[in-house]
Amino acid sequence: LKLGENVNATTSHEKTVYQMSLIPQNETQVKTALSGLAAIAGGAKFLDQDVASEAGIIDEEERQRKNFTYRRTEAMLDFFYRGTVHAQHLPIGDKDVRHTFTASMLQKLYAKYYNAHNMAVIVVGDMKPADIQASIEKQFSYLPNDGKLSPRPISEIPTSDQAEIKFVLDPE
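Residues numbered from 1 in each chain as written. Predicted model: local features only at pLDDT ≥ 70, side-chain atom pairs only at ≥ 80, totals over all residues. Heavy atoms only, no water.

A. How the structure looks around the overall build of the protein. Within the protein, the regular secondary structure consists of six helices and two strands. In the protein, the succession of helices and strands from N to C terminus is β-β-α-α-α-α-α-α. The globule rule puts the C-alpha radius of gyration for 172 residues at 16 Å, and the 20 Å found for the protein is more than 25% above it. In terms of principal-axis extent, the alpha carbons of the protein reach across some 55 × 40 × 30 Å. Looking at the 172 residues of the protein, the share that counts as buried comes to 20%. When the accessible surface of the protein is totalled, it reaches about 13000 Å², and 55% of it is carbon and sulfur. Side-chain charges of the protein comprise 19 positive and 23 negative groups, with the mean position of each set lying 3 Å from the other. (Helix = DSSP H or I, 4+ residues; strand = E, 2+ residues; numbered from the N terminus. Rg over C-alpha atoms; globule rule 2.2 N^0.38 Å. Buried < 20%, exposed > 50% of the residue type's maximum accessible area, 1.4 Å probe, protein only. Areas by Shrake-Rupley, 256 points an atom, 1.4 Å probe, with all protein chains shown as cover. Lys, Arg positive; Asp, Glu negative; His and termini not counted. Charge placed at Lys NZ, Arg CZ, Asp CG, Glu CD.)

The structure is reproduced here in structure tokens:
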């Protein structure tokens, strides 16, 4: 398994999804994949040099997205989520803020939100359900799970009795 090739992650306002795409040839490969996912889910370690490197990768992703579709999405989020934290930023975050992150800061955030009681594991493929369930339970059983969800900020979306129209004009 290689990050970016077989393993990737996407983040939205509400969740992070880690996805592995592979065609296992045997049961050992399935167990290895689940073990890797469990390590990401509960045992990620952050190093300052990796944090700095990843910030550069995210900067490049952001640069590549700076097109009409991205700007329209920003404008529409502001329209749909006005008055909420979602309208203030996209999940990719702010470049200036990203470059202040330290490994310690990310480790604390990870420990707070990325834990067993906040996750689901979904496996799709031609496998026996009982076998894959047993593998998942074995690979993920070591993760701490006190059953207490970390409080998440909840924003009420303001309602309106008026019809509203949003036009997005762009030089592109």
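So, next bit.
B. Region of interest: the nonpolar core. Residues Val30, Leu34, Leu37, Ala38, Ala41, Ala116, Ile132, Ile136, Phe140 and Leu143 constitute the largest nonpolar core, which totals ten residues. Of all the secondary-structure elements, those providing two or more residues to this core are α1 (27-43) and α6 (129-140). Ranked by residues supplied to this core, first place goes to α1 with five residues. Residues in contact with Ile136, not counting those within four places in the same chain, are Leu34, Val121 and Val123. (Core = buried A, V, L, I, M, F, W, Y, C linked by side-chain atoms within 4.5 Å. Contact = heavy atoms within 4.5 Å.)

C. Examining the packing of α1 against α6 more closely. Two elements in contact, α1 and α6, have axes separated by 9 Å at closest approach and are oriented at 40°. On the basis of their axis angle, the class for α1 and α6 is oblique. You can see that α1 and α6 cross each other, and the crossing is right-handed. Contacts between α1 and α6 pair Val30, Lys31, Leu34, Ser35, Leu37, Ala38 and Ala41 from the former with Ile132, Ser135, Ile136, Gln139 and Phe140 from the latter. Among the residues forming the contact of α1 with α6, the class breakdown is eight nonpolar, three polar and one charged. (Axes fitted to C-alpha atoms, helices over the stretch in contact; angles between N-to-C directions. Parallel < 35°, antiparallel > 145°, perpendicular 65-115°, else oblique. Left-handed = near helix turned anticlockwise from the far one by under 90°. Nonpolar A, V, L, I, M, F, W, Y, C, P; charged D, E, K, R; others polar.)

D. The arrangement of the pairing of strand β1 (residues 7-11) in detail. Where β1 meets strand β2 (residues 16-20), five bridges bridge the pair, whose relative direction is antiparallel. Along β2, the bridge assignment pairs Thr11 with Thr16. Connecting β1 to the next strand, β2, in antiparallel fashion are four residues. (Pairing = 2+ DSSP bridges.)

E. Quick peek at the environment of Thr10. Among the structural elements, Thr10 can be located in strand β1. Taking the relative accessible area as the measure of exposure, Thr10 reaches 52% and is therefore exposed. Between the C-alpha atom of Thr10 and that of Pro91, which follows or precedes it by 81 residues, the distance is 9.4 Å. Ignoring anything within four residues of it in the chain, the contact list for Thr10 reads Lys15, Thr16 and Val17.

F. Spotlight on helix α5 (residues 103-113). All of the buried residues in α5 are Ala103, Leu106 and Tyr110. Along the axis of α5, the buried residues cluster in a sector spanning 65°; they form a single face. The outward face of α5, more than 90 degrees from its buried face, is lined by the exposed residues Lys108 and Ala111. Each element contacted by the buried residues of α5 is listed here: β2, α1 and α2 (48-65). (Arc of directions from axis to C-beta.)

G. Quick look at the environment of Ala39. Mapped onto the fold, Ala39 is located in helix α1. A relative accessible area of 35% places Ala39 in the partly exposed class. Note: C-alpha distance between Ala39 and His99 (60 residues apart in sequence) is 25 Å. When near neighbours in sequence (up to four residues on either side) are disregarded, Ala39 contacts Ala44 and Tyr142.

H. Looking closely at the side chain of Thr84. Within the secondary structure layout, Thr84 lies in the loop between α3 (68-80) and α4 (95-98). Residues in contact with Thr84, not counting those within four places in the same chain, are Ser155, Glu156, Ile157 and Pro158.

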